[in-house]
Amino acid sequence: MSRLLTPAMMRTLLPGLSLAALLAAIFYLQPRTMSYFGLNLLLNLAVPIALATIAQMFILCVNDLDLSLGAFISLTACITATWLNDAPLIGILALAACVAAYAALGALIHLRNLPSIVVTLGMSFVWTGIAVLVLPTPGGSAPGWIRTLMTLKPALVPFPIIAAVVIALTVHFGLMRSAAGVVLRGAGGNPKSVERAGWSMLRVKCTMFALAGFFGVLSGMALVGLTTSADANIALRYTLLSIAGGILGGGEFVGGRVSPIGAVIGAITLALAGSFLSFLRLNPDFQIGAQGVILILVLALRLLINSRGTRA
Amino acid sequence: MKLTTLGKLCCTVATVALVTGSGAFADTSGKKIALSNNYAGNSWRQAMLTSWEKVTGEAVTAGVVASADAFTTAENQVTEQAAQIQNLILQGYDAIVINAASPEGLNGAVKEACDAGVVVVSFDGIVTEPCAYRIAVDFHAMGKVQVEYLAGRFPDGGNLLEIRGLAGVFVDDEISGGIHEGVSANDKFNIQGSVHGDWAQDVSQKAVAGILPSLPDIAAVVTQGGDGYGAAQAFKAAGRDTPIIVMGNRHDELTWWKEQKDANGYETMSVSIAPGVSTLAFWVAQQVLDGAEVPQDLSVPFLSITQDTLEESLKTTQAGGVANVEYSLDDSKAVIFGN
Amino acid sequence: MNTPLVDMGGVEKSFGAARALAGVDFQLMRGTCVGLVGHNGAGKSTLMNVLSGLIRPDAGSLRIDGEDFDRGYDPATAVGHGIRCVFQELSLCPNLTVAENLRISHPSIKGFGWRKTAGKVILESLDQIFPGHGINPDSEVGDLTIARRQMVEIARAFSIVDSQVDLVILDEPTSSLDQNAAAQLVTFIREFVSGSRSVVLISHLLGEILTASDTVVVMRDGVVVAVDDTTNFDRERLVRDMGDVLVDDSGFGTRINTKIVNSDPVVTGPRENGHQLILYPGEIIGFAGLSGHGQTNALVKIFEAAQGARRAISATEPAVFVAGDRQSDGIFPLWSITRNISVSSFARLMNRFSLDFDREDDEAAGWHKKLSIRTADMKNNILSLSGGNQQKALFARALGSDAKIVLMDDPMRGVDVGTKQEVYEILTEEAALGRALIWYTTETDELKHCDRVYVFREGHIVAELSGETLTEANILSSSFEAEDV
């Protein structure tokens, strides 16, 4: 029992508990959501956010921050809605190039020792620029198979829940449980020690940025699958949502402390917070502020747990 | 068993016949309608929301519908509005009226709504999803009507100056296209020059002042709204005779027109879209819920002000605002079924 | 026939102007524990960093097991030849579990079930070295106490997966361990070297060195000054050898009773273990001891007290701080020299609405002359100065303010000798004018300019030396003396 209540355990449980509390409140406010159909509608837009949060989490894990993620996902969404639909081969190549560009960014940031915030902030304009070139006016259409996948109605469990679980578990095993993942996370905790042990920090950073790019691509594709079309600004909100989701899910800005399961939960929590507030009939002008308050509440709880942990 | 089924079938057929016959049959007093709006940051949108509130408030009080709430997203983002629409579905609204952030980005959410049996009506910022109703503004006609009016004023034709809107925007192309079509239909008119006024008085004034010295006598100025007052000032500054300038329903334009009318009997017309179109969308949604057969694509009539209605319109228009018109159920029916 | 495991000859290494290693010869036989001792900056850590491949020496030879290494000796090579190192600063990843940390340093742990293997290996190692340690291999390192982290760090260096371990370098391994764990480690070291494996032990606890090692190597100023069997050493000899025998103690304790007559103390600390920190106007007092034993912390506390915070130490006058780490704590890199000096005096230099630029320039010109800051124009960017001259500008900033208490955190780091002499004179002058100065320095020689010296060990003052008792030997022995082992 006492093992269950260690600070690490509480840290892990907190995002899940926050989500459960929010979900309970939503079910109470709007019983209609407590159904297959309701959960589907409530959660389907959280899937691309969850993927974006996972992408941001990889960056957070190596003590960097990606301020271009929203713009990047908009770009991949535009590519998905145009090239991937019209000429799949070119589309796949373009998306692969996006991932490669992210890996190169990681290398640049590491080699020149540049602050990632500045580099990615600059890149966000580049991504948006390319997105406008790819898709000058809103439009395009989702490739059929993505649309089919995103609107899948499996028996019993709604698709968004299955997707969230699959995403969380895949990344959890890859990053948290595998031997290779340990090195990637260690690089966030103590890069010097990892380097001393003979690992290449360059490779670590490239890998992490490439993974972020890969999940960014997935996020863009999932988003187009839901909206059926794209525009160059479609996912700009995702930059901040992904950072907030990662932090809400138990991640920290420095020190390589991240949690994929937490990140997915955090993303869903943020998406649900929006629904919750609109079910409350809160004036939308206050909604962003209220989302911020929810974020602060959860973080304050985490701080409380941490300080209790250090006192113990 | 067999009989009852048959009986039911008969009833259904009868109902269908009745609906198509009378146009309004079902009771909508228990129905809930929501407005999903992507942006509220300018005076036109504010007027639109005020109109919605006023007209739907009366409808709710009168028991026509149970509720009609307006929801505006905070960030004018597609993903945010899509989530909002899905939330509205979950909240059990029977119809959702949408002013969309993107013509296609919301299609996924709109499809979800249709699949859930929710009536979707889009206006102003319309959506392309086929299951939704669209109340589109016929900007093309808005351009054309100006030339038609001028043709009545100048049977012998004359030189025109065209003030366009913001370059590269769909609306600008549409209105201009309508004007040009009107001109080719009345070949006595000649467009002598064309400038971009960006729908703003100051920009228009500068642009017109810049092109005036190179122009012959101008009989009339065709505009897109928000630019008439600036054009008048430019003509005045250049010391030229004031041509017939088509106005765009803005308060300053109407005021100027009134002054001229009182001083020298100046005559023109004014045309633009009324923000009250949101109330039309509301009635369309109500009519659909009512069981009326409404065409999937409707066209919003634009709001014209003539010499006779000038005073009245000016009185009801707020300073800095736009002339507005709100639709009653009967007005809406006239739009829906009238043509 | 008896090839040394490690044989280093004539190793030299300079960092800029500072010569860290000035031709060091170092041998290490298999099956021995070598105790490496020396004062701050004697070159112990640098030498060990060369041995573990982290620092490339400027000159000298390195043989391991008779194999000559010239170029391309890096950490991987060192690890490949069975050399492991526990560094002074902790090098675990705090966000990983104990077992996961083992995986970082042992790449061969992988594949299915690696986590179990890693947990087993580190647990075995921990059990062997620190029986009864109570550490769970699945705990996150960040949640462990410092002492337990250090145990993990040590156990990790000794754990064997598939490559051999021939030599483990322990740099101050017991600094955070309690006595019991430290004793366990010493016992284990003896056991470990009973075969053909070796240990290099660096410690400021002389008792530990004398118990654990077979051979003692004493370093001073970048050279080895004594190598002998441990049995031939006692504490007195160690302290004597570490001290600068060539330079006499004259000059120490010559500044006495310079405090301003009838003045009240400006800094008063709590009395602990019979020692109390007191500072009078007119005095220069020194903080000594091994680096990182609480001196900087004490300075910060005094500074905070002077700013009005409630601290155990009280300070009755305003204080200024001269930072030793110029780059991170001291200079404003985008500003001119003038502005860097005047920043602490803005309040005084204000006329009604803005800075009085003429007076700012005048004062800067005064410092330019007084401290002979080597620049053509005080308007130049601060970075145009050499390190020593940047430090002079920081002194000017401190001395230019009204503050009566001047706190100096090892301010002469990386400053050339000429500059030092100039600064020493100015400090003496300032004290004579009624200022009170506290000077933390890692260079024993500088303590000659102090009235009294407080020696710090493990966060506390353990000795107050002045007059005749202020000698290098006393400073050293207080720095190293721990509980009698």
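Residues numbered from 1 in each chain as written. Chains lettered and ligands numbered in written order. Predicted model: local features only at pLDDT ≥ 70, side-chain atom pairs only at ≥ 80, totals over all residues. Heavy atoms only, no water.

**Student:** Would you mind going over a nonpolar patch on the surface with me for this structure?
**Tutor:** Taken together, the side chains of Leu156(A), Val157(A), Ile162(A) and Val166(A) make up a nonpolar region of the molecular surface, amounting to roughly 370 Å² of accessible area. Mapped onto the elements of the fold, Val157(A) is located in the loop between α8 (144–150) and α9 (159–177). (Patch = residues over 30% accessible without salt bridge, like charges linked within 9 Å, V, L, I, M, F, W, Y side chains within 5 Å. Areas by Shrake-Rupley, 256 points an atom, 1.4 Å probe, with all protein chains shown as cover. Salt bridge = Lys/Arg side-chain N within 4 Å of Asp/Glu carboxyl O. Helix = DSSP H or I, 4+ residues; strand = E, 2+ residues; numbered from the N terminus.)

**Student:** Would you mind going over the domain arrangement of chain B with me for this structure?
**Tutor:** As a measure of interface size, the accessible area lost when the parts come together is often cited. All names here are of chain B. When the domains of chain B are assigned, the result is domain 1 (9–137 + 274–301 + 322–337) and domain 2 (139–272). The C-alpha-based centres of domain 1 and domain 2 are spaced at 34 Å. Taken together, the contact pairs four residues of domain 1 with five residues of domain 2. Both faces combined, the contact of domain 1 with domain 2 buries some 420 Å², and carbon together with sulfur accounts for 61% of it. When residues of domain 1 are sorted by the area they lose upon contact with domain 2, Val137, Val322 and Ala323 head the list and together hold 83% of the total. In this assembly, domain 1 and domain 2 are joined by zero salt bridges. At the boundary of domain 1 and domain 2, one finds two residue pairs in polar contact (both at pLDDT 80 or more). (Domains from an automatic or database assignment. Contact = heavy atoms within 4.5 Å. Buried area = accessible area lost by both parts, 1.4 Å probe. Polar contact = N/O pair within 3.5 Å; in protein donor to acceptor, adjacent residues only side chain to side chain.)

**Student:** Help me understand the sheet that holds strand β14 (residues 314–315) of chain C, please; the structure alone is not making it clear to me.
**Tutor:** The strand order across the open sheet built from three strands is β12-β11-β14 (chain C), with neighbouring strands paired in antiparallel fashion. Pairing within the sheet leaves two strands with one partner each, and these edge strands are β12 (275–279) and β14 of chain C. (Pairing = 2+ DSSP bridges.)

**Student:** What's the story with helix α6 (residues 88–111) of chain A in this structure? I'm lost.
**Tutor:** Structural remark: α-helix, 3.6 residues per turn; residues separated by three or four positions point the same way. Residues and elements named next belong to chain A. With 24 residues, α6 ought to run about 34 Å at 1.5 Å a step, and its terminal C-alpha atoms sit 34 Å apart, in line with that. Within the sequence span of α6, burial applies to Gly91, Ala94, Leu95, Cys98, Val99, Tyr102, Ala103, Leu105, Gly106, Ala107 and Ile109. Against the buried residues of α6 lie α3 (46–61), α4 (69–81), α5 (83–86), α7 (116–134) and α12 (201–227). Positive phi appears at Asn113, one or two residues downstream of α6, with a value of about 55°. (Expected span 1.5 Å × (residues − 1). Buried < 20%, exposed > 50% of the residue type's maximum accessible area, 1.4 Å probe, protein only.)

**Student:** Looking at this model, I keep getting lost on the pairing of strand β1 (residues 6–15) of chain C. Mind explaining?
**Tutor:** A regular strand places its side chains on the two faces of the sheet in alternate fashion. Residues and elements named next belong to chain C. Across eight bridges, β1 lies against strand β2 (residues 18–28) in antiparallel orientation. Within β2, the residue paired with Asp7 across the bridge is Gln27. With five bridges connecting them, β1 and strand β4 (residues 59–64) associate as antiparallel partners. Bridging from a neighbouring strand, Met8 pairs with Leu62 of β4.

**Student:** I tried to follow the state of the cysteines on my own but got confused; where do I start?
**Tutor:** Working definition: the covalent bond between the sulfur atoms of two cysteines is a disulfide. By the definition in use, this model includes one disulfide over all chains. One disulfide in the model links Cys114(B) with Cys131(B); its S-S distance is 1.9 Å. Its S-S torsion of about 75° marks the bond between Cys114(B) and Cys131(B) as right-handed, since a negative value means left-handed. Residue Cys114(B) is located in helix α4 (residues 107–115), and its partner Cys131(B) is located in the loop between β4 (119–123) and β5 (133–137); the two are separated by 17 residues in the primary sequence. Residue Cys131(B) is classed as partly exposed on the basis of its relative accessible area, which comes to 25%. Cys78(A) takes part in no disulfide bond, and the closest cysteine sulfur to it belongs to Cys98(A), at a distance of 11 Å. The cysteine Cys206(A) is free of any disulfide, with Cys61(A) supplying the nearest cysteine sulfur at 15 Å. (Disulfide = S-S within 2.5 Å.)

**Student:** Hey, could you run me through the confidence of the model for chain B in this one?
**Tutor:** Caution is warranted with low-pLDDT regions, since their predicted coordinates should not be read in detail. All names here are of chain B. Taken residue by residue, chain B gives an average pLDDT of 85. The fraction at 70 or more is 91%. With pLDDT under 50 throughout, residues 1–25 is counted as low confidence; its partners more than four residues away or in other chains account for 10 contacts. As a predicted assembly, this complex carries a pTM of 0.76 together with an ipTM value of 0.87. (pLDDT = per-residue confidence, 0-100.)

**Student:** Help me out: how do you make sense of the interface of chain C and chain A in this one?
**Tutor:** With 25 residues of chain C at the interface, the matching set in chain A holds 23 residues. Here chain C and chain A share an interface that buries about 1900 Å² over both sides, 51% of which is from carbon and sulfur atoms. When the buried area of chain C at its contact with chain A is split by residue, Asn95(C), Arg103(C) and Ile104(C) rank highest and sum to 29% of it. Here chain C and chain A share two salt bridges between them. Between Glu140(C) and Arg257(A) there is a salt bridge, with the nearest N and O atoms lying 2.0 Å from each other. Remark: the boundary between chain C and chain A carries 12 residue pairs in polar contact (both at pLDDT 80 or more).

**Student:** Help me out: how do you make sense of the interface of chain A and chain B in this one?
**Tutor:** Every contact between the two is made by 32 residues of chain A and, on the other side, 28 residues of chain B. Here chain A and chain B share an interface that buries about 2500 Å² over both sides, 55% of which is from carbon and sulfur atoms. The tally of links from chain A across to chain B stands at one salt bridge. Note that Arg281(A) is salt-bridged to Asp69(B), the shortest N-O span being 3.6 Å. Along the contact surface separating chain A from chain B lie 11 residue pairs in polar contact (both at pLDDT 80 or more). Contributions of two or more residues to the side of chain A that touches chain B are made by α2 (36–43), α12, α14 (260–279) and α15 (284–311) of chain A. Considered class by class, the residues forming the side of chain A that touches chain B number 13 nonpolar, 13 polar and six charged. (Nonpolar A, V, L, I, M, F, W, Y, C, P; charged D, E, K, R; others polar.)

**Student:** Just to check I follow, could you spell out the sheet that holds strand β6 (residues 158–164) of chain B for this structure?
**Tutor:** Strands in a sheet are paired, the pairing made by backbone hydrogen bonds, and the direction either parallel or antiparallel. Reading across the sheet, the four strands line up as β7-β6-β8-β9 (chain B) and stay open at both edges, with parallel pairing between neighbours. Strand pairing shows two members of the sheet lacking a second neighbour, β7 (189–196) and β9 (244–245) of chain B, which therefore form its edges.

**Student:** Looking at this structure, how should I read the pattern of salt bridges?
**Tutor:** Between side chains of opposite charge, pairing is possible as soon as their charged atoms come close. For the structure on display, the rule yields 33 salt bridges over all chains. Here Arg302(A) makes a salt bridge to Glu252(A), at a shortest N to O gap of 3.6 Å. With a gap of 50 residues between them, Arg302(A) in helix α15 and Glu252(A) in the loop between α13 (238–248) and α14 connect regions that are remote in the sequence. We classify Glu252(A) as partly exposed; its relative accessible area is 22%. One salt bridge connects Lys258(B) with Asp262(B), and the closest N-O pair in it is separated by 2.6 Å. Highlighted residues: Lys258(B) and Asp262(B), both in helix α9 (residues 251–264), separated by four residues, approximately one helical turn. One salt-bridge network, in which partners are shared between bridges, spans Glu252(A), Arg257(A), Arg302(A) and Glu140(C).

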